[in-house]
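Results of the structural survey
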Amino acid sequence: MDELLRRKPNRLKDYDYSRNGCYFVTICVKGRQKLLGNVGANCVRQGIHQNLSAQGKIIEKEIGILSETYDSVNVDKYVIMPNHIHMIIIINVNGQEVSRRTQFAPTVSRIIKQFKGSITKKIGSSIWQRSFHDHIIRNEADYQRIWLYIDMNIVKWEEDCYYV
(Lines give C-alpha, C1' and ligand atoms only; values in the text may rest on other atoms or scores of the structure.)
Protein backbone atom coordinates (compact mmCIF):
# COMPACT_ATOMS: atom_id res chain seq x y z
CA MET A 1 0.00 0.00 0.00
CA ASP A 2 2.88 2.40 0.79
CA GLU A 3 4.15 1.96 -2.77
CA LEU A 4 0.86 3.29 -4.13
CA LEU A 5 1.08 6.44 -1.99
CA ARG A 6 4.63 7.38 -2.96
CA ARG A 7 5.06 9.89 -5.74
CA LYS A 8 7.38 9.00 -8.58
CA PRO A 9 10.47 11.24 -8.44
CA ASN A 10 10.12 13.82 -11.17
CA ARG A 11 13.72 15.03 -11.29
CA LEU A 12 16.61 13.22 -12.95
CA LYS A 13 18.54 11.41 -10.23
CA ASP A 14 21.98 12.89 -9.42
CA TYR A 15 21.61 15.70 -11.99
CA ASP A 16 22.71 19.19 -10.90
CA TYR A 17 19.81 21.45 -11.88
CA SER A 18 21.94 24.55 -11.30
CA ARG A 19 24.22 23.56 -14.22
CA ASN A 20 24.39 25.81 -17.24
CA GLY A 21 21.84 24.61 -19.73
CA CYS A 22 18.37 24.85 -21.20
CA TYR A 23 15.36 23.43 -19.41
CA PHE A 24 11.83 22.92 -20.73
CA VAL A 25 9.37 23.50 -17.89
CA THR A 26 5.60 22.97 -17.74
CA ILE A 27 3.58 24.30 -14.80
CA CYS A 28 -0.11 23.40 -14.48
CA VAL A 29 -3.03 25.08 -12.79
CA LYS A 30 -4.61 23.05 -9.99
CA GLY A 31 -7.36 20.80 -11.36
CA ARG A 32 -6.49 22.00 -14.87
CA GLN A 33 -8.89 24.90 -14.41
CA LYS A 34 -8.81 27.37 -17.28
CA LEU A 35 -7.84 30.41 -15.19
CA LEU A 36 -5.12 32.03 -17.28
CA GLY A 37 -6.98 33.17 -20.39
CA ASN A 38 -9.22 32.09 -23.21
CA VAL A 39 -8.83 28.92 -25.24
CA GLY A 40 -6.84 28.50 -28.46
CA ALA A 41 -5.47 31.55 -30.19
CA ASN A 42 -6.53 33.77 -27.29
CA CYS A 43 -3.47 32.81 -25.29
CA VAL A 44 -0.16 34.51 -24.85
CA ARG A 45 2.81 33.63 -26.93
CA GLN A 46 5.93 35.59 -26.30
CA GLY A 47 5.10 39.13 -27.39
CA ILE A 48 1.54 38.35 -28.57
CA HIS A 49 -0.98 39.48 -25.96
CA GLN A 50 -4.59 38.39 -26.35
CA ASN A 51 -7.30 38.03 -23.73
CA LEU A 52 -5.26 37.07 -20.67
CA SER A 53 -7.13 36.84 -17.40
CA ALA A 54 -5.93 38.89 -14.42
CA GLN A 55 -3.98 35.82 -13.26
CA GLY A 56 -2.50 35.38 -16.74
CA LYS A 57 -1.29 39.00 -16.75
CA ILE A 58 0.39 38.51 -13.37
CA ILE A 59 2.10 35.37 -14.68
CA GLU A 60 3.34 37.14 -17.80
CA LYS A 61 4.81 39.93 -15.69
CA GLU A 62 6.50 37.41 -13.37
CA ILE A 63 8.07 35.61 -16.34
CA GLY A 64 9.74 38.92 -17.22
CA ILE A 65 10.92 39.40 -13.65
CA LEU A 66 12.73 36.03 -13.51
CA SER A 67 15.80 37.36 -15.33
CA GLU A 68 15.88 40.36 -12.96
CA THR A 69 15.66 38.11 -9.91
CA TYR A 70 18.42 35.79 -11.14
CA ASP A 71 21.24 37.35 -13.19
CA SER A 72 22.11 34.01 -14.76
CA VAL A 73 18.54 33.05 -15.76
CA ASN A 74 16.69 33.88 -18.95
CA VAL A 75 13.30 32.73 -20.21
CA ASP A 76 14.03 32.20 -23.89
CA LYS A 77 10.54 31.14 -25.01
CA TYR A 78 7.18 30.76 -23.32
CA VAL A 79 3.47 30.32 -23.87
CA ILE A 80 0.67 30.89 -21.37
CA MET A 81 -2.19 28.54 -22.12
CA PRO A 82 -5.57 28.54 -20.34
CA ASN A 83 -4.49 26.01 -17.71
CA HIS A 84 -0.71 25.66 -18.00
CA ILE A 85 2.53 27.41 -18.92
CA HIS A 86 5.44 26.18 -21.00
CA MET A 87 8.84 27.87 -20.72
CA ILE A 88 12.37 27.32 -21.95
CA ILE A 89 14.56 28.48 -19.09
CA ILE A 90 18.26 29.03 -19.71
CA ILE A 91 20.72 29.00 -16.82
CA ASN A 92 24.11 30.47 -17.69
CA VAL A 93 26.19 31.20 -14.60
CA ASN A 94 29.70 31.46 -16.14
CA GLY A 95 31.28 33.20 -13.15
CA GLN A 96 28.50 35.77 -12.75
CA GLU A 97 27.28 36.88 -9.37
CA VAL A 98 24.78 34.18 -8.37
CA SER A 99 21.79 36.51 -8.07
CA ARG A 100 20.66 39.91 -6.90
CA ARG A 101 18.21 38.64 -4.29
CA THR A 102 19.46 35.24 -3.16
CA GLN A 103 22.68 33.70 -1.95
CA PHE A 104 21.92 30.37 -3.59
CA ALA A 105 22.72 28.97 -6.99
CA PRO A 106 19.57 29.17 -9.12
CA THR A 107 18.37 25.61 -9.54
CA VAL A 108 15.33 24.96 -11.71
CA SER A 109 13.36 23.94 -8.60
CA ARG A 110 14.33 27.11 -6.74
CA ILE A 111 13.42 29.28 -9.75
CA ILE A 112 9.99 27.64 -10.11
CA LYS A 113 9.34 27.73 -6.35
CA GLN A 114 10.07 31.48 -6.29
CA PHE A 115 8.03 32.03 -9.45
CA LYS A 116 4.96 30.15 -8.18
CA GLY A 117 5.28 31.72 -4.72
CA SER A 118 5.45 35.26 -6.05
CA ILE A 119 2.38 34.69 -8.22
CA THR A 120 0.50 33.09 -5.30
CA LYS A 121 1.30 36.11 -3.12
CA LYS A 122 0.09 38.57 -5.79
CA ILE A 123 -3.11 36.61 -6.54
CA GLY A 124 -3.84 35.97 -2.86
CA SER A 125 -4.13 32.19 -3.09
CA SER A 126 -2.40 29.32 -4.83
CA ILE A 127 -3.68 28.34 -8.26
CA TRP A 128 -0.92 25.79 -8.85
CA GLN A 129 -0.84 22.04 -9.12
CA ARG A 130 1.87 20.55 -6.95
CA SER A 131 5.35 20.40 -8.51
CA PHE A 132 6.09 20.89 -12.22
CA HIS A 133 7.37 18.94 -15.21
CA ASP A 134 10.85 19.55 -16.56
CA HIS A 135 12.94 18.23 -19.39
CA ILE A 136 16.67 18.88 -19.71
CA ILE A 137 17.29 20.05 -23.28
CA ARG A 138 20.30 18.05 -24.43
CA ASN A 139 21.11 19.33 -27.92
CA GLU A 140 20.10 21.72 -30.70
CA ALA A 141 17.61 19.30 -32.28
CA ASP A 142 15.88 18.81 -28.92
CA TYR A 143 15.82 22.60 -28.43
CA GLN A 144 14.28 23.18 -31.88
CA ARG A 145 11.66 20.46 -31.32
CA ILE A 146 10.59 22.03 -28.02
CA TRP A 147 10.66 25.56 -29.49
CA LEU A 148 8.28 24.37 -32.23
CA TYR A 149 6.09 22.56 -29.68
CA ILE A 150 5.70 25.81 -27.69
CA ASP A 151 4.98 27.77 -30.87
CA MET A 152 2.38 25.25 -32.05
CA ASN A 153 0.76 24.70 -28.64
CA ILE A 154 -1.88 27.32 -29.36
CA VAL A 155 -2.73 25.90 -32.78
CA LYS A 156 -2.95 22.35 -31.46
CA TRP A 157 -4.75 23.25 -28.22
CA GLU A 158 -7.61 20.77 -28.68
CA GLU A 159 -5.07 17.94 -29.22
CA ASP A 160 -3.04 18.95 -26.13
CA CYS A 161 -2.89 16.55 -23.20
CA TYR A 162 -3.82 19.50 -20.93
CA TYR A 163 -6.98 20.26 -22.89
CA VAL A 164 -10.01 19.49 -20.74
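Below is a short write-up of the structure. (Residues numbered from 1 in each chain as written. Predicted model: local features only at pLDDT ≥ 70, side-chain atom pairs only at ≥ 80, totals over all residues. Heavy atoms only, no water.)

**Quick word on the nonpolar core**
Residues Ile59, Ile63, Met87, Ile89 and Phe115 are the most contacted members of the largest nonpolar core, which totals 29 residues. For this core, the secondary-structure elements that each account for two or more residues are β1 (21-28), α2 (54-69), β3 (73-80), β4 (84-91) and α3 (108-123). Ranked by residues supplied to this core, first place goes to α3 with 5 residues. Excluding anything up to four places from it in sequence, Phe115 contacts Ile27, Ile59, Glu62, Ile63, Leu66, Ile85 and Met87. Core analysis: the second largest hydrophobic core is formed by 10 residues, Cys22, Val79, Ile146 and Ile150 among them. (Core = buried A, V, L, I, M, F, W, Y, C linked by side-chain atoms within 4.5 Å. Buried < 20%, exposed > 50% of the residue type's maximum accessible area, 1.4 Å probe, protein only. Helix = DSSP H or I, 4+ residues; strand = E, 2+ residues; numbered from the N terminus. Contact = heavy atoms within 4.5 Å.)

**Here's the deal with unusual backbone geometry**
The phi dihedral of Arg32 is positive, around 55°, even though this residue is not glycine. Secondary-structure assignment places Arg32 in the loop between β1 and β2 (44-45). Relative accessible area serves as the criterion here: at 33%, Arg32 is assigned to the partly exposed category. Notably, Ser131 is not glycine yet its phi reads approximately 65°, a positive angle. Among the structural elements, Ser131 can be located in the loop between α3 and β5 (133-137). Overall, the relative accessible area of 23% leaves Ser131 in the partly exposed class.

**What about the pattern of salt bridges?**
By the definition in use, this model includes 3 salt bridges. Here Asp151 and Lys77 are joined by a salt bridge, their closest N and O atoms 2.8 Å apart. Within this pair, whereas Asp151 is found in helix α4 (residues 140-152), its partner Lys77 is found in strand β3, the two being separated by 74 residues in sequence. Of the residues examined, Asp151 reaches a relative accessible area of 22% and is grouped as partly exposed. Put simply, Asp142 and Arg145 hold a salt bridge, and the shortest N to O gap is 2.6 Å. With Asp142 and Arg145 both in helix α4 and 3 residues apart, the pair spans about one turn of that helix. (Salt bridge = Lys/Arg side-chain N within 4 Å of Asp/Glu carboxyl O.)

By themselves these figures say nothing about function.
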